[in-house]
Each structure stands twice: as structure tokens, then as C-alpha cells.
Amino acid sequence: MNTRVLAILSLLVGIGAVLHAVVPPILFGMRPDIMLPMMFLGILLFPKLPYVFLLSIATGIISALTTTVPGGQISNIIDKPVTALIFFGLFLLVRKLDTKFTAPVLAAIGTVVSGTVFLSMALYVIGLLEAGFVALFATVVLPATLFNVIFIIVLYPVIKRIMNRAQPVAI
């Protein structure tokens, strides 16, 4: 693994962790998962399976540490790798298309997948699967999806341009 890539991925995870910790909860302690678009950016920038796997594990663990949702620790650790692998697989399918258009669509799909897996696991752990899924999906996952799509639309071209201009450091 390339140390430069790992450093960039760790910066993305760190930025996502700070944003995840400071965003206020929307409903019942649930907040939009700001670490998701950072994980998506990492996958879009470095689409290789070892990086995706490492990024998803790190994101899941740090999300679990900063969550305020009952049952969210287990849910985050399961949700992030599942979401990352689905996102990565979809990205490989549409890789030849213009990422300017596919990245927001993939972010929307990834956020919906993440929210579905997370809510299913969290509500199963606390025993309220039937009662709250639709309400929480509508009030937390859908707004988070909109936010993540806007986040990717704004940041991905900027980060892609910066990455293209950056010269590798020869040591």
C-alpha cells in the first residue's frame, strides 16, 4: 500500500470524524452520517479493494465511537464495510462514465444503502424494527442523502482537481 494514499485516506476519515462529531442530532439522537461522503470520496479517488476495505473498517470503527444512537456501535461496524463494497462495486460498473455525473448518483445510492443497513441493524438490536424504520428513514436517511449528494457535487471536483495538480513527493 502506498503511504501517500494512506495518509490522504486518513485525512478524509479524520475530517469526517470531526464533522460527524459536531453535527447536531436530527431525531432521537440520530444525525446525518458525515463520514459517509468522506468514505465515498476516498473510494472515488483510490478505487482499489485493499484501500476500500481499510477505509471502510476505519470509518466504521470511528463512526461507532462517535455515534449517539442506541445500538449504533454494532450497526456502524457492519454498515460501513457493506456500504463501501456495494459503492465500490457500483463504481466499477460505471467507471467508464463521467464521474462528474455518476459520483452524486452513487453517493445517493450509497447513502440509502447505508441508512437501510444501519437502521435495520440498530432497530433490530433495540427491538423496534417494525415500529420506527419508515419514520426514521424518511426523517434521517432521506435528508442525509440530499446532504451527501450536495456534499459530493461540491467537493469531489475540487478534490479531484487538487489531486490532479499535486505532484508526488520523491523521497
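Bear in mind the structure is a predicted one, so any value in this text is a computation, not a measurement.

Colleague: How should the packing of aromatic side chains be read in this particular structure?
Modeller: Here a ring pair, both rings aromatic, is described through the centre-centre distance and the interplanar angle of the planes. Counted according to the given criterion, the structure contains three aromatic pairs. Ring centres of F46 and Y51 lie 6.4 Å apart, and the angle between their planes is 65 degrees; this geometry places the pair in the edge-to-face category. Since its relative accessible area comes to 10%, F46 is described here as buried.

Colleague: Even after reading the chapter, I still don't get the nonpolar core, so can you show me in this structure?
Modeller: Soluble globular proteins tend to bury their nonpolar side chains together. Within the largest apolar cluster, 31 residues are counted, with the highest numbers of intra-cluster contacts made by L41, I43 and F46. Elements with a contribution of two residues or more to this core: α1 (3-22), α2 (35-45), α3 (49-66), α4 (72-93), α5 (99-126) and α6 (129-165). Sort the elements by how many residues they give to this core and α2 lands first, with nine residues. If you look at the next biggest cluster of nonpolar residues, it comprises nine residues, including F118, L119, F137 and V141.

Colleague: Would you explain the packing of α2 against α3 in this entry?
Modeller: For any two helices packed against each other, the geometry comes down to the angle between their axes and how far apart the axes lie. Put simply, α2 and α3 touch, their axes get as near as 10 Å, and they point 170 degrees apart. One element, α2, and the other, α3, form an angle in the roughly antiparallel class. Residues M35, M39, G42 and I43 of α2 form the contact with α3, whose own contacting residues are V52, L55, S56, T59, I62 and S63. Looking at the contact of α2 with α3 residue by residue, the class counts come to six nonpolar, four polar and no charged.

Reading the values: rules and limits
Residues numbered from 1 in each chain as written. Predicted model: local features only at pLDDT ≥ 70, side-chain atom pairs only at ≥ 80, totals over all residues. Heavy atoms only, no water. Phe/Tyr/Trp six-rings, centres within 6.5 Å; stacked < 30°, edge-to-face > 60°. Buried < 20%, exposed > 50% of the residue type's maximum accessible area, 1.4 Å probe, protein only. Core = buried A, V, L, I, M, F, W, Y, C linked by side-chain atoms within 4.5 Å. Helix = DSSP H or I, 4+ residues; strand = E, 2+ residues; numbered from the N terminus. Axes fitted to C-alpha atoms, helices over the stretch in contact; angles between N-to-C directions. Parallel < 35°, antiparallel > 145°, perpendicular 65-115°, else oblique. Contact = heavy atoms within 4.5 Å. Nonpolar A, V, L, I, M, F, W, Y, C, P; charged D, E, K, R; others polar.

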